[in-house]
Structures are given as structure tokens and as C-alpha cells.
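# Structure at a glance
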Amino acid sequence: MIKNIDPFLLTMLGLILPGLLTGVGAIPVFFTRNVNQGKLDVFLGAAAGVMLSATCFSLILPSIEENGGGFRGVLISSLGILAGAVFLDLIDKYSPHEHLLDKRVEGNPSDSLKKIWLFVIAITIHNFPEGMATGVGFGGNSIAHGLPIAIGIGLQNMPEGLAVALALVRENYTVKKAFLIALFTGLVEPVGAFLGYGLVTWFSPILGFILAFAGGAMLFVISDEIIPETHSNGYERQATYGIIIGFIIMMILDVALG
């Protein structure tokens, strides 16, 4: 069925829809404000596993192949992974923002920077590299690489959207405003996706490095943001199994779609 869809249309859908699924995930906030934290941590853990699997099989392994394989390919990909992680670390360290679920403030926030913009900056830091990873996956007309990443990030965005909306409602935001902000977190991703897609198109000779760079950024987000959030509420073991199950599901999907 997928092969019968126009490749250009499939690419555009892959670049746009994962971000919109953040808003879809936030819809339940209109009906309930009390979601069991254990279930939410399991869902977020599964989302982290999905992202981790997509990063490994659709970004890092293709990067090694693109770089020629062997020790040279692994070395170039390793440098790309490290560069992507350091890039995200620097943004995370020096951009003032507030972590949505545990309310840790990082960076150097100024008094004039309103709390809502702290949220916006945090959301941008978290989601923009995910969009770039999707775009890089589809770059070079590689639907086989891009589609698993788009599916993985889309699945991850749904519980994340709900978590963001619930966190905002608990901070006395209206349900409507909480939903719109959660939706906005997803709308950041298509911007990153088209940028990543353009980078690969313009810099195809270094496609392998760009793939690894996106993979490193994704690994940083998974390790620094998502997994700690799932392990901070007393449901660490359940969240860990969620990660493993999510990884397996995405691995199966990657093989089936590849």
C-alpha cells in the first residue's frame, strides 16, 4: 500500500504529520486531568524506546554505510554522533529554559523573560532536533530511512503532548491554552524537518556525517530529557520495560518498512 503512494506526498506527510501528533496526544486533556503517573511514565518510556530504535536503525547504521563502512565509516559516524550531542548540550546549557515536568531551571534566565517563554524555549530545544532527524532521514529521497523515523517520532510525540498539556494544566493554565501550547510544541518539528531535509539535499557529500549528527542529537534528547522524566516518579522499573518494548516494536516496524 505504501509503495502505491506518491513518493513526494509520502515525504511531505512524513515531514509534517509527526509534529501534529503532539496535538493529537494532548486531546485527552479536554476530558480528564487525572492520568495515572505510572501509565504516563510507561508510555513515555515506550516512546523513548521507539526513538532509540529509530535512531539506531534509521540514522546511525545508515550513517556508517554512507561513510563507507569499516573502521573509517564508524569513526566518521562517531564524530558526527559526538558533534550532535555536544551541539544539543550547548543549546541546553546556555539557553534559559524550564524543564516541563520537574521544573528545573537551567541556563541564565533574566527577570524580564516571562515564564511562558521559558516553556517555549524548553519545548523548542526538545523538539527541534527531532524534526531535523526526520528531515535528515528523508533526505536524499530515502523514504526507507525516513519513514521509520517519522513513525517513531510521531508515536513518541503523542504521550509527550499529553504530558506537556497535563503539566501546564497543573500550573493553572486553562485546558484550551494547555492544548494549544502542546500543539505548538509539535509545530516546531516540521520547521526542523524541512531544514534537515534541505541540509541533506544541499550537502549530500556529507550525508553520512549529517545522519550521525542527527542521531547524536536524538540520543542526547532521549538520555537527558525523556528517560530522566520517566524515572523520577517512582515507576522506574515499569518505564524501563516500556523502553524495551518500544525499542522492539520500532525494530520490527523498521524491518517491515525497510
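Bear in mind that the values here come from a model prediction, so they are computed numbers and not experimental data.

### Looking at the UniProt feature "transmembrane region" (unreviewed entry) in the protein chain
As annotated by UniProt and renumbered to match this structure, "transmembrane region" (unreviewed entry) occupies residues 12–31, 43–64, 70–91, 149–169, 178–200, 206–227 and 239–257. End-to-end, the C-alpha atoms of residues 43–64 are 31 Å apart, and along that stretch the chain is 100% helix and 0% strand. As a span, residues 206–227 carries 95% helix and 0% strand, and end to end its C-alpha atoms are 31 Å apart.

### Here we look at the environment of Val255
Along the chain, the position of Val255 falls in helix 8 (residues 236–257). What makes Val255 exposed here is its relative accessible area of 64%.

### Comments concerning the packing of aromatic side chains
Counted according to the given criterion, the structure contains three aromatic pairs. Centroid distance Phe30 to Phe179: 5.1 Å. Interplanar angle 55°. Geometry classified as tilted. Taken together, the positions of Phe30 in the loop between helix 1 (7–26) and helix 2 (37–66) and Phe179 in helix 6 (residues 175–202) put the pair 149 residues apart, joining distant regions of the chain.

The rules behind these values
- Here the residue numbering is sequential within each chain, running from 1 through the sequence in written order.
- Two thresholds apply to this predicted model, a pLDDT of at least 70 for residue-level local features and 80 or more for giving and counting side-chain atom pairs, whereas whole-chain, interface and lining totals are computed over all residues.
- Values shown for side chains rest on all heavy atoms present in the structure; no hydrogens or waters enter the calculation.
- UniProt positions are given in the numbering used here, feature names are shortened, and annotations may be inferred rather than shown by experiment.
- Put simply, DSSP marks the helices as runs of H or I at least four residues long and the strands as runs of E at least two long, and each gets a number from the N terminus on.
- Note on exposure labels: buried denotes an accessible area under 20% of the residue type's maximum, exposed denotes more than 50%, and partly exposed covers the range between, all computed with a 1.4 Å probe on protein chains only.
- Here the aromatic set is Phe, Tyr and Trp, taking the six-membered ring for Trp, and pairing holds for ring centres within 6.5 Å; pairs whose planes are under 30 degrees apart are stacked, those over 60 apart are edge-to-face, and all others are tilted.

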